[in-house]
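Structural overview for review
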Amino acid sequence: MVEKIFITSLIVMFIWATMWEGMIFGFVQKWAEKHLLEVLHKPLYDCPICSCPWYGTALYWLIWGNTWQEWLIVIFAAAGLNTVFVKLFPEK
């Protein structure tokens, strides 16, 4: 299960990084700021911790799809690992 946590965490971090300004999906941020409510910014592109339950859930069920108990553990642990990454390597 530990490998699932790391894989989920790293893929969510990758998705988050692709939406930075100047990256391949940087336009998502510009579009969302004009067209979506501010409450949707963090789960969509602004926060890898907040994005983990959304992107991580889709990844988990597409790749492994075992049980809801394992899904819950993987998503919470991956969000916790993303918290460690964000605190260790701050953007600013």
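Structure's up top.
My aim in this report is to walk through the structure given alongside it, one point at a time. If you're wondering where the values come from, they're calculated on a predicted model, not measured in any experiment.

What about the environment of Cys 50?
Note on placement: Cys 50 falls in helix 4 (residues 48-63). Taking the relative accessible area as the measure of exposure, Cys 50 reaches 30% and is therefore partly exposed. Taking the C-alpha atoms as reference, Cys 50 lies 7.6 Å from Ala 79; in sequence the two are 29 residues apart.

Section: the nonpolar core
Soluble globular proteins tend to pack their nonpolar side chains together in the buried interior. Formed by Ile 5, Val 12, Met 13, Trp 16, Cys 52, Leu 59, Tyr 60, Val 74, Ala 78, Ala 79, Leu 81 and Phe 85, the largest nonpolar core amounts to 12 residues. The set of elements that each furnish at least two residues to this core consists of helix 1 (2-17), helix 4 and helix 5 (68-88). When residues of this core are assigned to their parent elements, the largest contribution, five residues, is made by helix 5. Setting aside residues no more than four positions away along its own chain, Tyr 60 makes contact with Gly 65, Asn 66, Thr 67, Glu 70, Trp 71 and Val 74.

Overview of the packing of aromatic side chains
If you walk through the whole model with that rule in mind, you get four aromatic pairs. On the basis of an interplanar angle of 65 degrees and a centroid distance of 6.1 Å, the ring pair of Phe 25 and Phe 27 is categorised as edge-to-face. An aromatic cluster is present here, built from Tyr 60, Trp 61 and Trp 64 joined pairwise through their rings.

Let's talk about the pattern of salt bridges
Across all of its chains, the model carries one salt bridge by this definition. Between Lys 4 and Glu 70 there is a salt bridge, with the nearest N and O atoms lying 3.0 Å from each other. On the criterion of sequence distance, the pair formed by Lys 4 in helix 1 and Glu 70 in helix 5 is long-range, its members being 66 residues apart. Here Lys 4 and Glu 70 have matching classes, each one buried.

What about the side chain of Thr 18?
Mapping Thr 18 onto the fold places it in the loop between helix 1 and helix 2 (26-35). With relative accessibility at 10%, the residue Thr 18 sits in the buried group. If sequence neighbours within four positions are ignored, Thr 18 has contacts with Met 23, Ile 24, Phe 25 and Gly 26.

About the thresholds
Residues numbered from 1 in each chain as written. Predicted model: local features only at pLDDT ≥ 70, side-chain atom pairs only at ≥ 80, totals over all residues. Heavy atoms only, no water. Helix = DSSP H or I, 4+ residues; strand = E, 2+ residues; numbered from the N terminus. Buried < 20%, exposed > 50% of the residue type's maximum accessible area, 1.4 Å probe, protein only. Core = buried A, V, L, I, M, F, W, Y, C linked by side-chain atoms within 4.5 Å. Contact = heavy atoms within 4.5 Å. Phe/Tyr/Trp six-rings, centres within 6.5 Å; stacked < 30°, edge-to-face > 60°. Salt bridge = Lys/Arg side-chain N within 4 Å of Asp/Glu carboxyl O.

Shape is all these values report; function is a separate question.
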